[in-house]
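# Remarks on the overall topology
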Amino acid sequence: MDKERYIFEKFRSKFNGDDCAVIGERAYCKDLFVEGVHFRRGWLSLREIGAKAMLVNISDMIATNARAKYALLGLALPREIGTHEIDELCAGVSETAREWGIRIIGGDTIGSDRIALSVSLIGKCKRPVFRSGARAGDLIAHTGELGSVGRDLAVLLRDEISPASSQTQNRNDKISSAQSSSTALQGLNTEASAAQNPGDEVRSSDDKILPVRAEPQSLDAETSTQNSVSHSGDDRKSPTSQGFACENSAPQSSAGENPVPGSGSYRLREDLRAKISKNSRFVRPVLRDKFFYKAAKLISAAMDISDGLVQDLPRLLEASGVGARWIARPSEAALQSGEEYEILFSFAPKFLPKIYAIAAKAGVAINIIAEVCPRTPQSSMEFRGSSHHFAP
């Protein structure tokens, strides 16, 4: 049973089913980032965990042509996590929020047997790009090169991580490496790898449940300058993240708690990390805002590649009610690699020169992979797979 789709159907509305829900000029998105599901203890530093939890949400905003303005943060932490470790985790959240011009305006905290972050973003969006706009004759492309995240994940999965300092983690780390229970782990799902024939049923869905929230009164008062997002040093906005526990990212410690990073219950596996790229996009996704915000007016449909092309391409086609035929079929490694956070998009062929020009200026590679055609069982690009969110 596809539990993810089942739950989505319970809350179906005209607002959900895309990377963001857009209501008027407001955009809303939420993602969870959970230990034992999206990462294991020792794979990422606490600062990296906080940063990635923000970045995967910002990616949804970018893919919808929205600009994030505010964040609400839910944080679940084990009892053994000390204040210095909390400082490190919150620093990753706060630094990323400042880099992208986002203010943290509230949230909630709870004790747990594992680390978990729930991030909700609120943004502005004057011209949304949805998954549903692809039309027959459009070209389908993705930014960047796919596959490196899957390769790095395979290295991380070869070692079981069971810190002796945490009995809780010993239980968590009994998760089988064959269990596709995270977005990235789906890339190694042997069932999905084995069946790649057109016409196979898609049994997973990335439809997101995005309830309507009250609109912050201050959103319209923000200037367009504050709303701009750029990675260039002079243009990068740095409003102070306010409210909640991540307001202060400076390391602090109390008597009896761990004053040295990595000296307590959470320890980064340096030996394991040395086996993957220092610039691994599994550790820190590279987002394509510079390209997409410029190209959005030329793009008919888009989404970010979070679960791999094997799942995300069929979702875009289904949302648009179309099919596709390969122009250049990606490798199996590229199809299966999840958590890439590249942009999958469609556009009319007449815009190809402009798309290439914008990409060249942004320093982003563009790969044309398919052409949109009328939807048939043979053109639906459906692959058999199980939902990674509810893997057995």
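Residues numbered from 1 in each chain as written. Predicted model: local features only at pLDDT ≥ 70, side-chain atom pairs only at ≥ 80, totals over all residues. Heavy atoms only, no water.

## Here's the deal with the packing of helix 2 (residues 46-63) against helix 3 (residues 83-99)
- In contact at an axis separation of 6 Å, helix 2 and helix 3 are set at 35 degrees when each is read in the N-to-C sense. Remark: the crossing between helix 2 and helix 3 carries right-handed chirality. Residue-level inspection shows L46, R47, I49, G50, A51, M54, L55 and I58 of helix 2 in contact with helix 3, the latter providing E85, E88, L89, A91, G92, V93, E95, T96 and A97. (Axes fitted to C-alpha atoms, helices over the stretch in contact; angles between N-to-C directions. Helix = DSSP H or I, 4+ residues; strand = E, 2+ residues; numbered from the N terminus. Left-handed = near helix turned anticlockwise from the far one by under 90°. Contact = heavy atoms within 4.5 Å.)

## Describing the sheet that holds strand 7 (residues 299-304)
- Pairing within the open sheet is antiparallel, and its five strands lie in the order 7-9-6-10-8. Only two strands of the sheet have a single partner each, and these edge strands are strand 7 and strand 8 (322-326). Neighbour-to-neighbour, the strand axes of the sheet open up by a mean angle of 30 degrees, direction not taken into account.
- Where strand 6 (residues 139-143) and strand 10 (residues 366-374) come together, five bridges link them in antiparallel fashion. In the sheet register, I140 faces strand 10, and the bridge partner there is A370.
- Most of the contacts of helix 2 go to strand 7, to which it runs at about 170 degrees, and overall it touches strand 7 and strand 9 (343-347).
- Along the sheet, helix 10 (residues 309-320) contacts strand 6, strand 7, strand 8, strand 9 and strand 10; its crossing angle with strand 7, the most-contacted strand, is approximately 145 degrees. (Pairing = 2+ DSSP bridges.)

## Regarding the pattern of salt bridges
- One pass over the structure, following the stated rule, counts 17 salt bridges.
- Residue D271 pairs with R269 through a salt bridge whose shortest N-O separation is 2.7 Å.
- Given a relative accessible area of 45%, D271 falls into the partly exposed group.
- Residue classification places R269 among the partly exposed residues on the basis of a relative accessible area of 22%.
- Beyond isolated ion pairs, a larger network of salt bridges with shared partners links R281, R288, E340 and E342. (Salt bridge = Lys/Arg side-chain N within 4 Å of Asp/Glu carboxyl O. Buried < 20%, exposed > 50% of the residue type's maximum accessible area, 1.4 Å probe, protein only.)

## Structural notes on the pairing of strand 7
- Burial within strand 7 is extensive, with five of its six residues counted as buried.
- Where strand 7 and strand 9 come together, five bridges link them in antiparallel fashion. Its bridge partner lying in strand 9, I299 is registered against F347.

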